[in-house]
Amino acid sequence: MGTIKLKNIRTHSFHGCLEEESKIGSDYIVNLEIKTDLRKSSVSDELSDTVDYVLLNRIVMEEMAVRSKLLEHVAHRIIKRIFSEIAAVSRILVAVSKVNPPINGDVEMVTIEVEEYRN
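Before going into details, it helps to say that this report is about the structure given with it. None of the values given here were measured: they were computed from a predicted structure. (Residues numbered from 1 in each chain as written. Predicted model: local features only at pLDDT ≥ 70, side-chain atom pairs only at ≥ 80, totals over all residues. Heavy atoms only, no water.)

**Some points on the pairing of strand β3 (residues 91-99)**
Working step 1: Counting buried residues along β3, 9 of its 9 residues qualify, which places the element largely inside the surrounding structure.
Working step 2: Burial along β3 is two-sided: Arg91, Leu93, Ala95, Ser97 and Val99 and Ile92, Val94, Val96 and Lys98, pointing in opposite directions, are all buried.
Working step 3: For strand β2 (residues 26-36) and β3, the ladder comprises 8 bridges, and the chain directions are antiparallel. Note that in β3 the partner of Asn31 across the bridge is Ala95.
Working step 4: Direction of pairing for β3 relative to strand β4 (residues 109-117): antiparallel, over a ladder of 9 bridges. Its bridge partner being in β4, Ser97 is matched across the sheet by Thr111. (Buried < 20%, exposed > 50% of the residue type's maximum accessible area, 1.4 Å probe, protein only. Helix = DSSP H or I, 4+ residues; strand = E, 2+ residues; numbered from the N terminus. Pairing = 2+ DSSP bridges.)

Laid out in structure tokens, this is it:
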């Protein structure tokens, strides 16, 4: 097995329970880690033999563009879609962070992390 990581994917999205968040939006950072078999691609040097991280990034960006109240919901959609579209992925760890959350405190970011394995 091997690991592919996409670190600090930055997006401006409109998630949150507050009405203002749906209009103003916030900055988000997504970290994605997937487990897959990298042996074939390490020998063949062919993109078709691995998981394309361009596709992984596109999935994250498209799902972050769909408004949700909860970060957990966004993470679930990202995981569900990756498992649906990329059969070679056996495990996903995704962290979604809201930068400067509106929580009446000096908090740099709030992060949820979800890990799931293919059934």
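**A short note on the side chain of Ser13**
Working step 1: Looking at the element boundaries, Ser13 is found in strand β1 (residues 2-13).
Working step 2: Using a relative accessible area of 1% as the deciding quantity, one classes Ser13 as buried.
Working step 3: At 3.1 Å, the side chain of Ser13 forms a polar contact with the backbone oxygen of Met64. (Polar contact = N/O pair within 3.5 Å; in protein donor to acceptor, adjacent residues only side chain to side chain.)

**A few points about the sheet that holds β4**
Working step 1: Taken in spatial order, the 4 strands make up an open sheet running β1-β2-β3-β4, and their pairing is antiparallel. Each edge of the sheet is formed by a strand with only one pairing partner; in this case those strands are β1 and β4. Direction aside, neighbouring strands of the sheet carry axes that sit 15° apart on average.
Working step 2: On top of the sheet, helix α3 (residues 53-64) reaches β1, β2 and β3; it is set at about 35° to β1, its chief contact. (Axes fitted to C-alpha atoms, helices over the stretch in contact; angles between N-to-C directions. Contact = heavy atoms within 4.5 Å.)

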